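Descriptive analysis of the structure
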Amino acid sequence: MVGTAVATARPGQRSPLLKPGTGTLVRAGVAAALLLFALFGLPQLLSLYYIDSMTQVAVWSMAALGLGVLVGRVGLVSLGQVAVLAIGAWVAARLLFATSQPYPLVLLEAGLITMLIGTLIGLPALRLRGLYLALITLMLAGAITVVLATANFPNGGHGFFGYNGSLVNIPPIRRPGVAGSDPAYFRYAVVVAAVMFLLVLVHIRTRPGRAWAAIRQSEPSALAAGINTWFYKLWALALASFITGVAGGVLAGADHYLYSIDFPTYYSITLLAVVLMGGAYSLWGAIVAGLLWQLLPSVLQTWGVSADWLTILFGVGVLQVLTTAPAGLADQVPKDLARLGRLLRRLARRGAPARVARGG
Amino acid sequence: MIEVDGLTVRFGGVTSLDDMSVTFESGTCGLIGPNGAGKTTFFNVLSGFVRPAAGTVRAFGEDLLSMVHFRRARWGVRRTFQTEQAIEQLSVFDNVAMVHEHAWLGGAGRRRDVLDAVEFVGLDVDPWAKVATLAAGQRRLVEVARAVVGRPRLVLLDEPAAGLPDTETEHLSEVIRRIPEHAGALTILVDHDMSLVSACCETTAVLDFGKLIASGPTAAVLRDERVVSAYLGTAEVL
Amino acid sequence: MPSWQDFQPFIVSGLALGGVYALSGVGMVVLYQATGVVYLAFGAVGAMGALIAWSLINDAHAPGWVGWLVCVAFSAVVTLGYGMVFGRALAKRDPLIKAVATLGLTLVLFGLMDLLWTTSGGESRAITLPTDGGGFTIGQVQVDWTQVIGLGAGIVITVVTGAFLRYTKLGTAMRAMANDREITATLGVPVRRVEAAAWLGCGVLAGVAGVLLADLVALDATTLTFLVISSLAAALIARLRSITLTFAAAILIGLVHDLLTPITSLTNYRDMTPFVLAAVALLVLSRSRVLSRSREEM
């Protein structure tokens, strides 16, 4: 859509961050309404089976959010985010067994430690670009998966790894005092997720977000504008690792028992697939990704349909997104709806056959 | 003043710049040559994206090549690229402000500097409009605004008029002519549009196959036999 | 620390495995050079072909060679089909996008394999080649013919491909395309046909690798699909360029992986071998890279 100039700068005009336009207010309103519905409406409406799935949706939406920051905002493709999630879960489980710290503190620590590990491991990889960066994340994640499989997840044992192979009665990973039951834990997970989304939103609207947009557009141009691209990429990596680490912590409490087979290498690929399908750039896309991956299989299971069909669907989805709609569903659906809305408005206004809507 | 001495750049078997030695004195200087002559490579050396095999570049007495690439912006190098680089999802203001921000020019005067730059390039749009809503010519002006905001010392313009209609090229020409006086920067202009180069640049240097084949007052250079024959070898005709 | 005798059988198995990795790695490198695509679905295609072969042999009682042929044919057809549809659709995009797209194909195949050949129920499948039984002994080590074929295939494919690229018209065309696709097209080279040949060749190799790995390692969808990473590691160590280096790296990966087996303190970590070697190679070899383009335009 090509618009032409309308007005010159008005002297009193201020930055949109301080005085949000109507679009932003509407979106914020919708988000708040959905959040309230999720917190208070869903637990009433859904059975325990689906509440469990929705808790997983919250967890994996956070993982998708982390990956979305990397892929959608900065243009870095990581094929190893599930390994980071596993690290977060491992750290949280270890802390939950070894200490009696309050849950929020454990989550924060899990996030920070994962952030540290993710950044340290990812640091040398940042020198690489595009394809090679993606491939090295695959390699590093693979290595981490092997280490985790050997070290095992903590199960209440002693020692650094907190794993006791001969333990017969494995204690479950504890949950926060206020959120022991499944519906209560679901609410807890939603609140944590909301905080993570807010964290990302703040980043996007301020300096790092702008720098990321510049880097994604063109790294040479960003460098020429004086942006320290390496630093901002590192920041994105740190943020993504932190969020994914926290998600891992929430997963630990949700599942009660963790095993390394819960985090196979190919999950990282599927995660990328749903992030692409949901829309890597949009925050809503992360939620769509979580729903695609955790809610749909549950629904299919109740209908007796194998979850393998979803794997196939995601594969097709990747191909479709890459060849036609690069911005994913979260971007495409509102655009299609907007186009439909314009068409309807024109029909209503003119009462005559509408011309095909332009642009969009 | 930019003094280039013995600059040589090699990529595998190709020598993109071959012992280039030239001095850009002041004002607006042109850099022309057929496709593949090494003009963008030269800019890439100045930006820090390419490490030369040999040679030095002294900019206003300082060794430019020893600076890390992203710090050169802070020092005062600005650049436009052949392909569109204005960030679509951000507003005009944010696009220009970003350069100002990362050049560490201080927050106090930022608003004024940004709006100054937008006004200087003659961009008559709402500064908070997203760049995605602008036409091609306007986006080019945003990029030029990014190149002149604050206190640049060296402005590199890489084919800013490519693909623009005559009226917009006219306007761009006027803007470019005023850059040295407005921003106090030395400007190097690379373009294939000879009328633009003649109109804006007092002096011009010519590259062909990585070698400097002429430099001096623009009018004389454009008539130089060697320059003419270099161009006649390709589809570009003066 | 195990003795020399303990290591010997693993040298043999490591070489055999390395040979097959080399075969796969060379296939991937040539395809990348000709089309810019890192074919991450290489393993999945071969895996599905092997499972189809298994079904034909065990359920339909088809003779062995029919099964292997179908496996190779299947891999070739799917790969060629993908190349002609999606390879072409994404031809102008960044190599990263092209690689991620092949991950889409991997997921589709992976889902199909789990759907059609479920692993629940604990039954394990196996492929045996006629060359499994016989063999010979070198010193104190038993070597079976399949292992010889594994290593031999790797050597043969590397040598033949090298010669093909250097001495044939088609091979030279592929090398030209690796350099610059557009210029090659203007020289009158039938770019599409060359690409098709590259895809087809890669598919055939995927099928062969599928059969061999199913025999040497395991007939399991997940294992076979992700063994591609070992071949990929070899290709990455060779910067996706030199096939001789790919061969050497593949042998190295196979050897190191298997030689770690008898070392009790490290054996659990031996699956890290390809990952670690590839990561190190990528990092070391990229040290001197500056942000630069080799052409005039950005």
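Worth saying up front: this structure is predicted, and the values here are computed from it rather than measured.

Quick look at the overall build of chain C now. Helix and strand counts for chain C stand at 12 helices and two strands. Its C-alpha atoms give chain C a radius of gyration of 19 Å, near enough to 19 Å, the size a compact globule of 298 residues would have. Looking at chain C as a whole, 49% of its 298 residues are labelled buried.

What follows covers the overall build of chain A. Tallying secondary structure elements over chain A gives 13 helices and zero strands in all. Mapped from its N terminus to its C terminus, chain A presents α and β elements in the order α-α-α-α-α-α-α-α-α-α-α-α-α. Counting the 360 residues in chain A, one finds 46% classified as buried.

We now examine the sheet that holds strand β3 (residues 28-32) of chain B. Residues and elements named next belong to chain B. As summarised here, the arrangement of the six strands in space is β6-β7-β8-β3-β9-β10, forming an open sheet in which the pairing is mixed. Lying at the two open borders of the sheet, with one neighbouring strand each, are β6 (77-79) and β10 (211-217). Averaged over all pairs of adjacent strands, the angle between strand axes in this sheet comes to 15°, irrespective of strand direction. Where strand β7 (residues 154-158) lies against strand β8 (residues 186-190), five bridges are found, and the strand directions are parallel. Following the sheet pairing, Leu-157 is matched in β8 by Leu-189. Strands in contact with helix α6 (residues 166-183) are β3, β7 and β8; relative to β8, the strand with the most contacts, it is inclined by about 155°.

Residue and element names in this part refer to chain C. Contact pair helix α1 (residues 4-35) / helix α8 (residues 191-216): the axes reach a minimum separation of 9 Å and the direction vectors enclose 165°. One element, α1, and the other, α8, form an angle in the roughly antiparallel class. Considering the relative orientation of α1 and α8, their crossing is left-handed. For the contact of α1 with α8, the per-class residue count stands at 19 nonpolar, four polar and one charged.

Turning to the interface of chain A and chain C, a few remarks are in order. Of the residues lining the interface, 35 residues belong to chain A; the matching set on chain C comes to 39 residues. Of all the secondary-structure elements, those providing two or more residues to the side of chain A that touches chain C are α5 (130-151), α8 (219-224), α10 (266-278) and α12 (308-323) of chain A. A per-element tally of the side of chain A that touches chain C places α5 of chain A first, with 12 residues. Split into classes, the residues belonging to the side of chain A that touches chain C amount to 23 nonpolar, nine polar and three charged.

Moving on: the nonpolar core. When a protein is soluble and globular, its nonpolar side chains tend to lie buried together. Membership of the largest hydrophobic core comes to 287 residues, with the highest contact counts inside it found for Ala-189 and Val-318 of chain A together with Val-96 and Ala-145 of chain B. When residues in this core are grouped by element, the largest group, 15 residues, is from helix α2 (residues 48-74) of chain A. Beyond its immediate chain neighbours, meaning those up to four positions away, Ala-189 of chain A contacts Thr-55, Ala-58, Val-59, Val-250 and Ala-254 of chain A.

Turning our attention to the sheet that holds strand β4 (residues 54-59) of chain B. Backbone hydrogen bonds are what pair the strands of a sheet, in a parallel or an antiparallel way. Residue and element names in this part refer to chain B. Judged by pairing direction, the sheet is antiparallel, and its four strands sit side by side in the order β2-β1-β4-β5 without closing on themselves. Two strands lie at the open edges of the sheet, namely β2 (14-24) and β5 (62-63), each paired on one side alone. Summarising the sheet, β4 and β5 pair through two bridges and their orientation is antiparallel. Counterpart to Ala-59 in the pairing with β5 is Glu-62.

What follows is about α12 of chain A. Spanning 16 residues, α12 of chain A covers 23 Å between terminal C-alpha atoms, matching the ideal 22 Å at 1.5 Å per step. Listing the buried residues of α12 of chain A in full gives Leu-310, Thr-311, Phe-314, Gly-315, Gly-317, Val-318, Leu-319, Val-321 and Leu-322 of chain A. Looking at the packing, one finds that the buried side of α12 of chain A touches α10 and α11 (283-302) of chain A together with α3 (64-89) and α4 (95-116) of chain C.

Before going further, it helps to spend a moment on unusual backbone geometry. Residue and element names in this part refer to chain B. For Asp-19, which is not glycine, the phi dihedral falls at a positive 50°. Summarising the element assignment, Asp-19 is placed in strand β2. Judged by local crowding, Asp-19 falls into the partly exposed class, with 14 C-beta atoms found within 10 Å.

All names here are of chain C. Along the chain, Leu-260 falls in the loop between α11 (243-259) and α12 (273-285). For the pair Leu-260 and Gly-154, spaced 106 residues apart in sequence, the C-alpha separation works out to 22 Å. Ignoring sequence-local partners within four residues, the contact set of Leu-260 consists of Leu-266, Thr-267, Arg-270 and Thr-273.

On to the pairing of strand β2 (residues 141-144) of chain C, then. All names here are of chain C. Sheet analysis places strand β1 (residues 135-138) next to β2, joined by four bridges and oriented antiparallel. Within β2, the position partnered with Ile-138 by the bridge is Val-141. Where β1 folds back on β2, the antiparallel hairpin that results is connected by two residues, among which Gly-139 adopts a positive phi of roughly 60°.

Residue and element names in this part refer to chain A. Of note, Tyr-257 is situated in the loop between α9 (229-255) and α10. Here the alpha-carbon distance between Tyr-257 and Gly-122, two residues 135 residues apart in the chain, equals 28 Å. Not counting the four nearest positions on each side in its chain, Tyr-257 is found in contact with Ile-170 and Pro-172.

Further remarks concern the packing of α1 of chain C against helix α6 (residues 169-179) of chain C. Residue and element names in this part refer to chain C. Between α1 and α6, the least distance of the axes is 6 Å, while the angle of their chain directions is 60°. Compared by their axis directions, α1 and α6 come out oblique. Contact residues: α1 offers Val-30, Gln-33 and Ala-34, while α6 offers Met-174, Arg-175, Met-177 and Ala-178. A breakdown of the residues in the contact of α1 with α6 according to their chemical character gives five nonpolar, one polar and one charged.

Another point: the pairing of β8 of chain B. All names here are of chain B. In terms of residue burial, β8 counts as a mostly covered element, since five of its five residues are buried. Bridging between β3 and β8 involves four bridges; their strand directions are parallel. Paired with Gly-30 across the bridge in β8 is Leu-189. After leaving β7, the chain enters α6 and then returns to the sheet as β8, a path that is right-handed.

Turning our attention to the confidence of the model for chain C. Residues and elements named next belong to chain C. Put simply, chain C has an average pLDDT of 86, and 94% of its residues get 70 or more. In the model, residues 290-298 has pLDDT below 50 throughout and makes 23 contacts with residues more than four positions away in sequence or in other chains. Reported confidences for the modelled complex are a pTM of 0.85 and an ipTM of 0.88.

All names here are of chain A. The end-to-end C-alpha separation of α11 is 29 Å, in line with the 28 Å expected for 20 residues at 1.5 Å each. All buried positions along α11 are accounted for by Leu-283, Trp-284, Gly-285, Ala-286, Ile-287, Val-288, Ala-289, Gly-290, Leu-292, Trp-293 and Gln-294. Downstream of α11 by a residue or two, Gly-304 has a phi angle that is positive, lying close to 80°.

Residues and elements named next belong to chain A. Across chain A, the average pLDDT comes to 85, with 86% of residues at or above 70. The least confident element of chain A is helix α13 (residues 329-350), whose mean pLDDT is 67; the most confident is α9, at 95. When the criterion is pLDDT under 50, residues 1-14 qualifies, and its contacts beyond four places in sequence or with other chains add up to 15 contacts. In this model, residues 352-360 is a region of pLDDT below 50 whose contacts with residues beyond four sequence positions or in other chains number 10 contacts.

Reading guide: rules and limits
Residues numbered from 1 in each chain as written. Chains lettered and ligands numbered in written order. Predicted model: local features only at pLDDT ≥ 70, side-chain atom pairs only at ≥ 80, totals over all residues. Helix = DSSP H or I, 4+ residues; strand = E, 2+ residues; numbered from the N terminus. Rg over C-alpha atoms; globule rule 2.2 N^0.38 Å. Buried ≥ 20, exposed ≤ 12 C-beta atoms within 10 Å, placed from the backbone. Pairing = 2+ DSSP bridges. Axes fitted to C-alpha atoms, helices over the stretch in contact; angles between N-to-C directions. Contact = placed C-beta atoms within 7 Å. Parallel < 35°, antiparallel > 145°, perpendicular 65-115°, else oblique. Left-handed = near helix turned anticlockwise from the far one by under 90°. Nonpolar A, V, L, I, M, F, W, Y, C, P; charged D, E, K, R; others polar. Core = buried A, V, L, I, M, F, W, Y, C linked by C-beta atoms within 7 Å. Expected span 1.5 Å × (residues − 1). Right-handed = clockwise from strand over helix to strand, strands pointing away. pLDDT = per-residue confidence, 0-100.

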